[in-house]
2 protein chains.
Amino acid sequence: MNVTIIGLGLIGGSLALSLRQHGLAQHFIGVEASPVHARRALELGLVDAIETDLAAAVRRADLVVVAVPMDAMVAVLPLVLDATAPHQVVIDVGSTKGTLLAAVAAHSRRGRFVAVHPMAGTEYSGPDAATQGLFDGKTVVLCDTEHSDPDAVQLVEKLFHALPMRLLYLDAAAHDLHTAYVSHISHITSFALALTVLEKEKEEQRIFDLASGGFASTVRLAKSSPAMWVPIFRQNRLNVLDVLDEHLHQLQHLRDLLAREDYDGLTQQIQQANHIRKILP
Amino acid sequence: MNVTIIGLGLIGGSLALSLRQHGLAQHFIGVEASPVHARRALELGLVDAIETDLAAAVRRADLVVVAVPMDAMVAVLPLVLDATAPHQVVIDVGSTKGTLLAAVAAHSRRGRFVAVHPMAGTEYSGPDAATQGLFDGKTVVLCDTEHSDPDAVQLVEKLFHALPMRLLYLDAAAHDLHTAYVSHISHITSFALALTVLEKEKEEQRIFDLASGGFASTVRLAKSSPAMWVPIFRQNRLNVLDVLDEHLHQLQHLRDLLAREDYDGLTQQIQQANHIRKILP
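- Chain A is annotated in an unreviewed UniProt entry as Prephenate dehydrogenase from Hymenobacter armeniacus.

1. Quick word on the overall build of chain A
Working step 1: A count of helices and strands for chain A gives 13 helices and eight strands.
Working step 2: The C-alpha atoms of chain A give 21 Å as radius of gyration, which agrees with the globular expectation for 281 residues (19 Å, within 12%).
Working step 3: The principal-axis extents of the C-alpha atoms in chain A amount to approximately 65 × 40 × 30 Å.
Working step 4: The buried share among the 281 residues of chain A stands at 62%.
Working step 5: Within chain A, counting contacts between residues at least 6 apart in sequence, those at least 24 apart form 73% of the total.
Working step 6: About 10,300 Å² of surface is accessible on chain A, with carbon and sulfur atoms providing 52% of the total.
Working step 7: In chain A, 23 side chains carry a positive charge and 31 a negative one; their mean positions are 2 Å apart.

2. Digging into the relation of the copies chain B and chain A
Working step 1: Once chain B is rotated about the relating axis by 180° and shifted along it by 0.0 Å, it coincides with chain A to within an RMSD of 0.0 Å. These values place the two chain copies in the arrangement generated by a two-fold rotation axis. Among all residues of chain B, the one whose C-alpha sits closest to the rotation axis is Thr 218 of chain B, at a distance of 2.2 Å.
Working step 2: Comparing contact sets, 100% of the residues at the interface of chain B also lie at the interface in chain A, consistent with an isologous, same-surface contact.

3. Observations regarding the sheet that holds strand S2 (residues 27-31) of chain A
Residue and element names in this part refer to chain A.
Working step 1: The strand order across the open sheet built from eight strands is S3-S2-S1-S4-S5-S6-S7-S8, with neighbouring strands paired in mixed fashion. Looking along the sheet, the strands with just one partner apiece sit at the ends: strand S3 (49-50) and strand S8 (166-170).
Working step 2: One ladder, built from two bridges, connects strand S5 (residues 89-92) with strand S6 (residues 113-118); its direction is parallel. Paired with Val 90 across the two strands is Phe 113, which belongs to S6.

4. Some remarks on the interface of chain B and chain A
Working step 1: Every contact between the two is made by 83 residues of chain B and, on the other side, 83 residues of chain A.
Working step 2: Both faces considered, chain B and chain A share a buried interface measuring about 8,700 Å² in area, 70% of it formed by carbon and sulfur atoms.
Working step 3: Here chain B and chain A share eight salt bridges between them.
Working step 4: Across the pair Arg 255 of chain A and Asp 245 of chain B runs a salt bridge, and its minimum N-O distance is 2.5 Å.
Working step 5: Class assignment of the residues belonging to the side of chain B that touches chain A gives a composition of 44 nonpolar, 21 polar and 18 charged.

5. Observations concerning the packing of aromatic side chains
Working step 1: Within the structure shown, the criterion is met by four aromatic pairs over all chains.
Working step 2: Aromatic pair Trp 229 of chain A and Phe 233 of chain A: ring centres 5.6 Å apart, planes at 40°, arrangement tilted. Taken as a pair, Trp 229 of chain A and Phe 233 of chain A lie in helix H10 (residues 226-235) at a separation of four residues, close to a single helical turn. Residues Trp 229 of chain A and Phe 233 of chain A agree in their burial class; the two are buried.
Working step 3: A centroid spacing of 6.5 Å and a plane angle of 90° characterise the contact between Phe 191 of chain B and Phe 233 of chain B, whose relative ring orientation is edge-to-face. In this pair, Phe 191 of chain B sits in helix H7 (residues 172-200) while Phe 233 of chain B sits in helix H10 (residues 226-235), placing the two residues 42 residues apart along the sequence.

6. Brief notes about the sheet that holds strand S6 (residues 113-118) of chain B
Residue and element names in this part refer to chain B.
Working step 1: One open sheet holds the eight strands; their spatial order is S3-S2-S1-S4-S5-S6-S7-S8, and the pairing between them is mixed. Two strands close off the open sheet at either side, each with one partner strand: strand S3 (49-50) and strand S8 (166-170).
Working step 2: In this sheet, strand S5 (residues 89-92) lies alongside strand S4 (residues 63-66) in parallel orientation, the contact comprising four bridges. Looking across to S5, one finds that Val 64 is bridged to Val 90.
Working step 3: Packing of helix H4 (residues 70-82) onto the sheet brings it into contact with strand S1 (2-6), S4, S5 and S6, and relative to S4 it is tilted by some 165°.
Working step 4: Each of S6, strand S7 (139-143) and S8 is contacted by H7, which is oriented at about 115° to S8, the strand it contacts most.

7. Re the UniProt feature "domain: Prephenate/arogenate dehydrogenase" (unreviewed entry) in chain A
Working step 1: When the UniProt feature table is mapped onto this chain, "domain: Prephenate/arogenate dehydrogenase" (unreviewed entry) is found at residues 1-281 of chain A.
Working step 2: As annotated, residues 1-281 of chain A has a helix share of 54% and a strand share of 13%, and its two end C-alpha atoms lie 38 Å apart.

8. Details of helix H4 (residues 70-82) of chain A
Residues and elements named next belong to chain A.
Working step 1: Between its first and last C-alpha, H4 extends 19 Å over 13 residues, near the 18 Å set by a 1.5 Å rise per residue.
Working step 2: Of all the bends in H4, the greatest, near 30°, is centred on Val 76, and the proline Pro 78 appears no more than four residues after it.
Working step 3: Buried within H4 we find Met 70, Met 73, Val 76, Leu 77, Pro 78, Val 80 and Leu 81.

Cut-off values and rules
- Residues numbered from 1 in each chain as written.
- Chains lettered and ligands numbered in written order.
- Predicted model: local features only at pLDDT ≥ 70, side-chain atom pairs only at ≥ 80, totals over all residues.
- Heavy atoms only, no water.
- Helix = DSSP H or I, 4+ residues; strand = E, 2+ residues; numbered from the N terminus.
- Rg over C-alpha atoms; globule rule 2.2 N^0.38 Å.
- Buried < 20%, exposed > 50% of the residue type's maximum accessible area, 1.4 Å probe, protein only.
- Contact = heavy atoms within 4.5 Å.
- Areas by Shrake-Rupley, 256 points an atom, 1.4 Å probe, with all protein chains shown as cover.
- Lys, Arg positive; Asp, Glu negative; His and termini not counted.
- Charge placed at Lys NZ, Arg CZ, Asp CG, Glu CD.
- Least-squares fit on C-alpha atoms with pLDDT ≥ 70 in both.
- Pairing = 2+ DSSP bridges.
- Buried area = accessible area lost by both parts, 1.4 Å probe.
- Salt bridge = Lys/Arg side-chain N within 4 Å of Asp/Glu carboxyl O.
- Nonpolar A, V, L, I, M, F, W, Y, C, P; charged D, E, K, R; others polar.
- Phe/Tyr/Trp six-rings, centres within 6.5 Å; stacked < 30°, edge-to-face > 60°.
- Axes fitted to C-alpha atoms, helices over the stretch in contact; angles between N-to-C directions.
- UniProt positions renumbered as here; feature names shortened; annotations may be inferred.
- Expected span 1.5 Å × (residues − 1).
- Bend = angle between axes of the 7 residues up to and from the residue.

This is the structure:
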């Protein structure tokens, strides 16, 4: 199978590595806006060739993977579908679905497209961040599959089962709601925590000296790129604002308990938070 | 060297394992309020014997390590010093220092005590959480060493250098300020994030299905025990409130930028947060 990957960053590059590792595809063509990243992806062996003409790259593939930030995704996916023939399959790997699916809802090739979100990533980006095994054992969400052709869905199911990933089916609205809760809010809190500590702790050497594993893990996502995350927050704005308001409320409640020295109340809240142990062992 | 460990949890147990592994001490006596934990610590080989009489356990040691939650620490440390002879050395491993050092400032054996905070831990507690190598390469803070006898400080320096750990010297007030910034606030944000997601996401299976590594690392500290953390927040209350107010301010600012769709402003804030990359590579 020939695969064209549009966007040779963390996710596109990791997917190329995983598909090749499992013998699911043999030839990989890359499309990449940054010449530096394109060259690097070739050096790293993520793809076998770079193609600068989008339509030509699409025509040469059995499967097209669009793996660009969400603002570019909304612009690029319709162009990819314009060039897609009836035997080809197109997937995205994007973190929001509502805006994207609305943008291609009326496209004549909508059936060839399957909306995919692998729930895996790191705080790094670009081709050097691509990692073999990134998706192993993780969940992949397939959205609104009733709008995709059955053979396209079957191919996608076969590939992601083989990586191996756990398949989960959600409609786009449910996907965007749940990812706001379980992924997007974590990034907001981590950015805010980094800003807090950078503001309060003027002695950077002290941060380096004193940062334990706990702090490092809480602030890790604050290394994530704004080019990726601002479009996600933009496209999922109402859900993110809703969960962010709840988070502000919870933080303010903890603050008030501490301010008025209600340590029994604080203990109860922490015991309640500890419930996450049962869900994420 | 004989070591008595008072409190056979994550930190006390891990320190016993590390001291033994590096040949720094041969015989370990444990004092532990929970009979279940005491028995388990023996089974795990964290200590060679359990002693129920505190003063007797102190008398049998060259080095006494007090590794109990901070509320118990303030009560137990004076009793330990009461039983300490002039050739013995006592350390704590506590996360706050101001209250504790004030509690023993006038004690006749104050010089035998060295205030120690190894900047290492996990979200787990109890003897089963003890891990060999927990302290390797981490920072250990020594506080107000000018109030300790030089030979006691030298013994502590020798032991922690050998683990090996990086030694950092701070006065108690600076310690409590910097740990509020770099450790305590992370726990507050993580507890609040868990409460947020548990409140918004009523479908627990969805959390399990969709939680990626990013969410798991941000919420990991929310598994931490209230028995350990409420006394820390209590003893470091003013510093924690100060940094928590800054954090609420930063989160509210991100919220306002998103609410009024100021994506350039949001990008700038994330770029500023990304600065943490240079400090924590």
